Amino acid sequence: MAEKIVAVKGMNDIVAPESAHWEWLEAQVRALFARYGYRNIRTPIVEPLALFVRGLGEVTDIVEKEMYAFEDRLNGEQLALRPEGTAGVVRAAVEHALLYDGPKRVYYMGPMFRHERPQRGRYRQFHQIGVEALGLAGPEADAELITMAADLWQALGVQDVTLEINTLGQPAERQAHRQALIAYFERHRDRLDDDAQRRLYTNPLRILDTKNPQMQALVEAAPKLIDHLGAASRAHFEAVCALLQAQGIAYRVNPRLVRGLDYYHHTVFEFVTTSLGAQGTVCAGGRYDGLIAELGGKPAPGVGWAMGVERVLELLKAQQRLPQPPAPDAYAVVPDASAWPTVLPVLRALRAAGVQVWMHASTTDGLGSMKSQFKKADASGARYALIFGADELAAGVVAVKPLREGLPGPITAQTTLPLAQVAQWASQLRCGAASTIPVH
Ligand code: ATP
Ligand code: MG
């Protein structure tokens, strides 16, 4: 046998029944976004490398060491697999003048790529669902986005997700804070680890984000940005907080929350959980008022967040909030291959009427005994077996056998339905499997 080819490390296949959980989550999220007037945007997975270098900042983990960057073999262009969604959305918004003539509230869903050490909740291909509100400067836009995420946790029934919020102010204020930070860390140089030493002059703010336990006390006592903020920045932050309070959304101000990317201004936030171990941030975002201009657009504000789909699903699983895998309405049991010419048009008519019908192997694979077909029918979770036996077909009927207790439809015991009136079965068999998945 030829050698097997396996998936790239840190990049996963998503197969049924888990894929049904993904579809279910995506459907919940789409419905929520529609209620807030956010519209879908789909941007390429491959972008010019410069988009991320300029958009994210050169001295960020992503650009320094996590990006899948490569040269196009055919024309030498410098390209990258997108590590996040905002830069591409902003590029598209500038390219298509969305700020003047297009949707300003958009959402995306899709794979992102970062060359990280794979572990639970951290992959090299992972998936984000993200929202961006472009051209909106007011605190109500920040509050709206945060509220949407809070709504989502509520709709999904997840517990133990805490909102942490902070403000990064404006560039001049950050600059003043930066000088104060550098001076402080210079005074404590001997206590800085290698990473911090390296970042002292390039990106001292990122030192605050350290995960090194030996540096926690040092970082705790460092100068706080909030003490360098002017009146306008304070007012923006206070307004966001007030709008969250007005909606009963709980939050914790975390002055050490800085976020990994350079493009954030004013509000930054994360939703974190203790239920997932080290990878506890399920959703993160903030305001990026400098980014649109940085990417060549006319200066305009923006705010957004992205959530990690794998982490949210993991959280739902840990809290037993995932739905049962969807089951078909009916499963066709066909004892003899000679029945196919009669059976297939019936199944097709049922499917056209919205009934989910699965069936067994093809004739060449062997139909299997009645017993094995019933076993498969049962394992599929189908509510009814449709039995196309020789006796039934001779009488112009199909036998319908309920496979579960307490079915919602009118058929609760084995019965027959006339083949000539297939369309009328639909209302009796269809239980709306996809939309009424019970949560356990
Ligand atoms: P972390 O601190 O965990 O590395 P981050 O700050 O790099 O996160 P963002 O760029 O803000 O993450 O991305 C938003 C969300 O995407 C994260 O909160 C997380 O849920 C998810 N995420 C980020 N990187 C990964 C990854 N490698 N694998 C799985 N999910 C990820
Ligand atoms: Mg990261």
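Residues numbered from 1 in each chain as written. Chains lettered and ligands numbered in written order. Predicted model: local features only at pLDDT ≥ 70, side-chain atom pairs only at ≥ 80, totals over all residues. Heavy atoms only, no water.

J.: Give a description of the packing of helix α1 (residues 18-36) against helix α12 (residues 309-318) that names residues and reports values.
T.: It is at 11 Å that the axes of α1 and α12 come closest, and there the two elements cross at 105°. Looking at the two axes, α1 sits roughly perpendicular to α12. Along its contact with α1, which presents His21, Trp22, Trp24 and Leu25, the element α12 presents Val309, Glu310, Val312, Leu313 and Leu316. Of the residues in the contact of α1 with α12, the class split is 7 nonpolar, 1 polar and 1 charged. (Axes fitted to C-alpha atoms, helices over the stretch in contact; angles between N-to-C directions. Helix = DSSP H or I, 4+ residues; strand = E, 2+ residues; numbered from the N terminus. Parallel < 35°, antiparallel > 145°, perpendicular 65-115°, else oblique. Contact = heavy atoms within 4.5 Å. Nonpolar A, V, L, I, M, F, W, Y, C, P; charged D, E, K, R; others polar.)

J.: Explain the sheet that holds strand β14 (residues 384-387) to me, using residue names and the numbers behind them.
T.: Paired through their backbone hydrogen bonds, the strands of a sheet run either parallel or antiparallel. Taken together, 5 strands build an open sheet; the order of strands is β13-β12-β14-β15-β16 and the sheet is mixed. The sheet terminates laterally at β13 (357-359) and β16 (415-418), the two strands that pair on one side only. Looking at each pair of strands side by side, their axes are set apart by 30° on average, direction ignored. Inspection of the sheet shows β14 paired to strand β15 (residues 397-402) by 4 bridges, in the antiparallel sense. (Pairing = 2+ DSSP bridges.)

J.: Explain the nonpolar core to me, and be specific about the residues and the numbers.
T.: By size, the foremost hydrophobic cluster in this structure holds 49 residues, and its most contacted members are Leu134, Phe185 and Leu208. Per-element accounting of this core gives the leading share, 5 residues, to helix α4 (residues 86-95). Discounting chain neighbours no more than four positions away, the residues touching phenylalanine 185 are Leu192, Leu200, Pro204, Ile207, Leu208, Leu218 and Ala222. One finds Ala133, Phe269, Phe271 and Trp305 within the second-largest nonpolar core, a separate group that totals 43 residues. (Core = buried A, V, L, I, M, F, W, Y, C linked by side-chain atoms within 4.5 Å. Buried < 20%, exposed > 50% of the residue type's maximum accessible area, 1.4 Å probe, protein only.)

J.: So what about the confidence of the model for the protein chain? Which residues, and what values?
T.: Per-residue pLDDT for the protein chain averages 92, and the proportion of residues at 70 or more is 96%. Note on residues 433-440: pLDDT is under 50 here. Beyond four places in sequence and across chains, it has 18 contacts. (pLDDT = per-residue confidence, 0-100.)

J.: Lay out the site of ligand 1 in plain terms, naming residues and giving numbers.
T.: Looking at ligand 1, there are 16 residues lining it, with Arg114, Glu116, Arg122, Arg259 and Thr281 nearest. A distance of 2.6 Å separates a nitrogen atom of ligand 1 from a polar side-chain atom of glutamate 116. A distance of 2.8 Å separates an oxygen atom of ligand 1 from a polar side-chain atom of arginine 122. When contributions to the shell around ligand 1 are tallied by element, the ones reaching two or more residues are β6 (125-134), β10 (281-287) and β11 (302-308). For the shell around ligand 1, the leading source of residues is β10, giving 4 residues. For the shell around ligand 1, a count of residues per class yields 6 nonpolar, 4 polar and 6 charged. (Near = heavy atom within 4 Å. Polar contact = N/O pair within 3.5 Å; in protein donor to acceptor, adjacent residues only side chain to side chain.)

J.: Requested: an account of the side chain of histidine 265, with residues and values cited.
T.: Tracing the backbone through its elements, the reader meets histidine 265 in strand β9 (residues 265-272). In this structure histidine 265 comes out as buried when scored by relative accessible area, which is 13%.

J.: Residues and numbers for the domain arrangement of the protein chain, please.
T.: By domain assignment, the protein chain separates into domain 1 (18-169 + 229-318) and domain 2 (330-430). Distance from the C-alpha centre of domain 1 to the C-alpha centre of domain 2: 47 Å. (Domains from an automatic or database assignment.)

J.: Kindly report on the environment of aspartate 190, identifying the contributing residues and their values.
T.: Inspection of the secondary structure assignment puts aspartate 190 in the loop between α7 (171-187) and α8 (194-199). Assessed through its relative accessible area of 68%, aspartate 190 is described here as exposed. It is 38 Å that separates the C-alpha atoms of aspartate 190 and methionine 112, two residues lying 78 residues apart in sequence.

J.: Account for a nonpolar patch on the surface, with residues named and values stated.
T.: A contiguous nonpolar surface patch, about 210 Å² in accessible area, is contributed by Ile45, Val46 and Phe70. Mapping valine 46 onto the fold places it in strand β2 (residues 46-48). (Patch = residues over 30% accessible without salt bridge, like charges linked within 9 Å, V, L, I, M, F, W, Y side chains within 5 Å. Areas by Shrake-Rupley, 256 points an atom, 1.4 Å probe, with all protein chains shown as cover. Salt bridge = Lys/Arg side-chain N within 4 Å of Asp/Glu carboxyl O.)

J.: So what's going on with the packing of aromatic side chains? Which residues, and what values?
T.: Counted under the stated rule, the structure contains 4 aromatic pairs. Ring centres of phenylalanine 33 and tyrosine 107 lie 4.9 Å apart, and the angle between their planes is 50°; this geometry places the pair in the tilted category. Of this pair, phenylalanine 33 sits in helix α1 while tyrosine 107 sits in strand β5 (residues 105-113), and the two are 74 residues apart along the sequence. Each member of the pair, phenylalanine 33 together with tyrosine 107, is buried. Ring geometry for tryptophan 153 against phenylalanine 271: centres 5.7 Å apart, planes inclined by 65°, an arrangement best described as edge-to-face. Of this pair, tryptophan 153 sits in helix α6 (residues 139-156) while phenylalanine 271 sits in strand β9, placing them 118 residues apart in sequence. According to the relative accessible area criterion, tryptophan 153 is buried, its value standing at 5%. Using a relative accessible area of 2% as the deciding quantity, one classes phenylalanine 271 as buried. (Phe/Tyr/Trp six-rings, centres within 6.5 Å; stacked < 30°, edge-to-face > 60°.)

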